[in-house]
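Observations on the three-dimensional arrangement
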Amino acid sequence: MLKITLPDGSVREVAPGTTPADIAAAIGPGLAKAAIAARVDGELRDIMRPLEQDAALALVTAKDEADALELARHDFAHVLAEAVQHLFPGTQITFGPSTDDGFYYDFAPSADRGPFTDDDLPAIEAEMRRIIAADKPLIRKEIDRETLIAQWQAAGETFKAEWAAELPGDEPLTVYHSGDGWYDMCRGPHLASTGRLNPDAFKLTRVSGAYWRGDQKNAMLSRITGTGWLNKKQLAEHLTRLEEAAKRDHRKLGAEMDLFHLQQEAHGSVFWHPKGYLIWRQLEAYMRRAIDDAGYREVKTPQVMDARQWEISGHWGKYRENMFVIPDEVPNVEDEGPLVSDDADWMALKPMNCPAHVLIFRQGIKSYRDLPMRLYENGCCHRNEPHGALHGLMRVRQFTQDDAHIFCREDQIVEEVRAFCALADRIYKDFGFTYSIKLALRPEKRFGSEEMWDKAENELRDAVAAAGLNTPDYGWEELPGEGAFYAPKLEWHLTDAIGRTWQVGTIQSDRVLPERLDASYVGEDGARHRPVMLHRAIFGSYERFIGILIEHYAGRFPLWLAPVQAVVATIVSDADDYAAEVLTKLRAAGIRAEADIRNEKINYKVREHSLAKVPNLLVVGRREAEEGKVALRVLGSDGQTFLSLDEVISRLANEVRSPDMY
RNA sequence: GCUGCUGUAGCUCAGUGGUAGAGCGCGUCAUUGGUAAUGACGAGGUCGGGAGUUCAAUCCUCCCCAGCAGCACCA
């Protein structure tokens, strides 16, 4: 007999081969119905999988939401695969996991049919519902590896055969059969039967391409993605969340609020409109105050440099596919012949600012007394990004980084990184972000010795500890293998108002570039030494950061960033003169204000400026004009307050200050 | 770059093998109205670009470009 310990501490003796489902049934019919899986010694398992030894057993029900969702999503993927193979014989199955909000399955469609399209989804959904309604048992079986590979090959499932052959270990593999002979190789666990899924809790959302095993060199598979939940309500809530996120889309709000636009003649580069550029200028001014205080000095470096310089820095060899290159000669103006000669010299638009900053450092002889030297640049970079990667402001081909390089001695690294952590902390909090910090450790392909990496990683660890940020509150985590090829890096991941995360800030120590560009300083000993170079950014790029801010604030910028901080709206034209007076005073107080004296009803004006997300609406009619007051309506509130003009001015003048000016 | 989808007025979208329509916006006129849409009239597009099929293409076919969703990429 086996001794099975339940969560309440009680022990049941059962015969070997008893399943968790049997035990649930023995406890009570309610539990038997609710139990969907089991945790056996902590491991999530099928409820129908026989117990073979003494174990601690906990039955899993829908109340264990994380487990229940994981099981359901995994099963949805399984049902999706079966449905597709029913409907489209000849389609090969490959791989289909659960995801954060659902599941997907990658298929290799038959050659004559080609990839799936959106039009196929309704039929597939219907077939999935049929399979769920059929309530087919999902039966786990162990199968000898060679047998399975032979079966897959016989069935023409070459991807599965490849996968099975390469799975590590030599123990038997597991497959899950669903009723009528269909099966997929899968570690499991699964629900006991397809009928455990809620047919109204999933939706196929898209088809797309995906490379086999995530490698561009491999075949392009056809991926069908769905979202899956435990019940209809959860699905509806999820769809609502997606709609809410879509409302914040910076591309949509950017157009509606007249902040910027993109067009195909300059795809990947932004046309900033006056209101959008106003936000940019606020951020720029804010950042300049911050870096001035922190002991940086601002520089400006060339947009175009000779290809030979990029060869020396290593970019020509490692990064050229992302660079825009320019012939260093007068283009051929004749109708005939090539635009440039075969032996043209080449220049390139800078994709990064770091080499230029080293070149500034190298001018003249630097002493240890000059260190740390912190050079900051609003550096406009161009990168020839793959077209499919471009996305609004988030991924562009021309962008401006808040980029700085700190040249310092080895013994200054920890303090410099610590100070940067403090600076970043203050800045992110000013924008209302929380964040987590990750340390990306040495990747497989890397330069430098193990000793150098040990040292570099420890320096960053020490600095984060010195800043007090290596705690769970700051999501402190180390990411093995994620570092740059020349250095480990610290990454700041912001969490926005609706819980999404964005990687923006970074600092990384670099001993490679100073070497390549032969940067040196004279030490106390009179000898030449290599400085270490810390690459760092807080916004990352102005473009992307503004994109993130638009979505974070849903377009309702805090007052100091709002392009238009107040609108004076008249009710009757008799108040026009007074409105002009109010406008003048607002502007004199440094408030970005406009007047709306159009011949429109006040309802119309309120609606329009509210939709335009103007933070303060100052309504003036005859009464206000006579009494020297305004009716202040603050965005997001229903009512209005009547204040004297002086009160409103002093109140707004106080509120429009940026957070670092308090 | 790869797979799929999309591309009609400033915006959102409808539509048809016989050279296009709505709402909003815009303009003009009337209206001076107290906190989320006053009314009337009017202007505005050759239907992403190129080629082909056809008597005839915005609509069908092909190529190109861009956008969108993923994948890959992201110093």
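Each value, and the rule that gives it
- Residues numbered from 1 in each chain as written.
- Chains lettered and ligands numbered in written order.
- Predicted model: local features only at pLDDT ≥ 70, side-chain atom pairs only at ≥ 80, totals over all residues.
- Heavy atoms only, no water.
- Helix = DSSP H or I, 4+ residues; strand = E, 2+ residues; numbered from the N terminus.
- Buried < 20%, exposed > 50% of the residue type's maximum accessible area, 1.4 Å probe, protein only.
- Contact = heavy atoms within 4.5 Å.
- Pairing = 2+ DSSP bridges.
- Axes fitted to C-alpha atoms, helices over the stretch in contact; angles between N-to-C directions.
- Phe/Tyr/Trp six-rings, centres within 6.5 Å; stacked < 30°, edge-to-face > 60°.
- Lys NZ or Arg CZ within 6 Å of the ring centre and 35° of its normal.
- Patch = residues over 30% accessible without salt bridge, like charges linked within 9 Å, V, L, I, M, F, W, Y side chains within 5 Å.
- Areas by Shrake-Rupley, 256 points an atom, 1.4 Å probe, with all protein chains shown as cover.
- Salt bridge = Lys/Arg side-chain N within 4 Å of Asp/Glu carboxyl O.
- Lys, Arg positive; Asp, Glu negative; His and termini not counted.
- Charge placed at Lys NZ, Arg CZ, Asp CG, Glu CD.
- Near = heavy atom within 4 Å.
- Polar contact = N/O pair within 3.5 Å; in protein donor to acceptor, adjacent residues only side chain to side chain.
- Nonpolar A, V, L, I, M, F, W, Y, C, P; charged D, E, K, R; others polar.
- Expected span 1.5 Å × (residues − 1).
- Arc of directions from axis to C-beta.
- Right-handed = clockwise from strand over helix to strand, strands pointing away.
- pLDDT = per-residue confidence, 0-100.

Helix and strand counts for chain A stand at 20 helices and 33 strands. When the backbone C-alpha atoms are referred to their principal axes, chain A occupies close to 85 × 75 × 70 Å. Sorting the 662 residues of chain A into buried and exposed places 49% on the buried side. Restricting to contacts in chain A with at least 6 residues of sequence separation, those with at least 24 account for 69%.

In this section: the sheet that holds strand β18 (residues 346–349). Here we have three strands laid out as an open sheet, ordered β16-β18-β17, and antiparallel in their pairing. In this open sheet, the two strands that pair with only one neighbour each are β16 (304–306) and β17 (325–327). Pairwise comparison of adjacent strand axes, ignoring direction, gives a mean angle of 35° for this sheet. Relative to β18, β17 runs antiparallel, the two being bridged by three bridges. Its bridge partner lying in β18, P327 is registered against W346.

Between two aromatic rings, the relevant description is the distance of the centres plus the angle of the planes. All told, the structure shown has 26 aromatic pairs when counted by the stated rule. Judged by centre distance (5.5 Å) and plane angle (20°), the rings of F76 and F103 are stacked. Highlighted residues: F76 in helix α3 (residues 65–87) and F103 in strand β7 (residues 102–108), separated in sequence by 27 residues. The class for F76 is buried, based on a relative accessible area of 0%. By the ring-pair criterion, three or more aromatic residues cluster together here, those being F260, W272, Y277, W280, Y286, F431, F433, F539, Y542, F545 and W560. Here the basic side chain of R73 rests over the ring of W229, its NZ or CZ set 4.5 Å away from the ring centre. If you follow R113 out to its NZ or CZ, it ends over the ring of F88, 4.2 Å from the centre.

This part is about a negative patch on the surface. A contiguous patch of negative charge, built from D328, D342, D343 and D345, is present on the exposed surface. Residue position: D343 is located in the loop between β17 and β18. A residue is classified by how much of its surface remains accessible, and D343, at 62% relative accessible area, is exposed.

In the region of RNA strand B, 53 residues are neighbours, and R383, I571, N599, R607 and R633 sit closest. Sugar and phosphate atoms represent 48% of those atoms of RNA strand B found within 4 Å of the protein. Here a base nitrogen of RNA strand B sits 2.5 Å away from a polar atom, N or O, in the side chain of Y211. Taken together, the elements giving at least two residues each to the surface near RNA strand B come down to β11 (202–211), β12 (220–228), α18 (602–611), α19 (622–627) and β32 (629–634). With seven residues, α18 is the largest single contributor of residues to the surface near RNA strand B. For the surface near RNA strand B, a count of residues per class yields 22 nonpolar, 17 polar and 14 charged.

Quick look at helix α14 (residues 450–466) now. If you check α14, its first and last C-alpha atoms are 24 Å apart, about what 17 residues at 1.5 Å a residue would give, namely 24 Å. Of the residues making up α14, those classed as buried are M452, W453, A456, E457, E459, L460, A463 and V464. What you see down the axis of α14 is that its buried residues fit within an arc of 150°, all on one side. Of the surrounding elements, those touching the buried residues of α14 are α13 (413–430), β22 (434–440), β24 (489–495) and β25 (501–510). Within two residues after α14, G468 carries a phi angle of roughly 75°, on the positive side.

Our focus in this paragraph is the pairing of strand β30 (residues 593–596). In the sheet, strand β29 (residues 566–570) pairs with β30 via four bridges, with the strands oriented parallel. What sits directly across from V567, in β30, is E594. Regarding topology, helix α17 (residues 576–588) serves as the crossover connection from β29 to the parallel β30, and that connection is right-handed.

Taking strand neighbours across the sheet as the criterion, the four strands line up as β6-β7-β12-β11 in an open arrangement whose pairing is antiparallel. Lying at the two open borders of the sheet, with one neighbouring strand each, are β6 (92–95) and β11. Direction aside, neighbouring strands of the sheet carry axes that sit 30° apart on average. For β6 and β7, the ladder comprises three bridges, and the chain directions are antiparallel. Bridging from a neighbouring strand, F95 pairs with D106 of β7. Sheet strands touched by helix α4 (residues 121–133): β7, β11 and β12. Its angle to β11, the strand with the most contacts, is close to 120°.

Here chain A averages 93 in pLDDT, and 100% of its residues register 70 or above. Complex prediction metrics read pTM 0.94 and ipTM 0.94.

Mapped onto the secondary structure, D402 falls in strand β21 (residues 398–408). Assessed through its relative accessible area of 0%, D402 is described here as buried. Polar contacts involving the side chain of D402 include one to the main-chain amide nitrogen of I538, which spans 2.8 Å. Side-chain polar atoms of D402 contact the backbone nitrogen of G540, separated by 2.9 Å. Leaving out residues up to four positions away in the same chain, D402 has contacts with M287, Y376, E377, N378, R536, A537, I538, F539, G540, S541 and Y542.

Here H405 shows up in strand β21. Looking at H405, its side chain comes within polar contact range of the side chain of H535, at 3.2 Å. If we skip the residues at most four places from it in the chain, H405 touches N353, C354, H357, M373, R374, L375, M533, L534 and H535.

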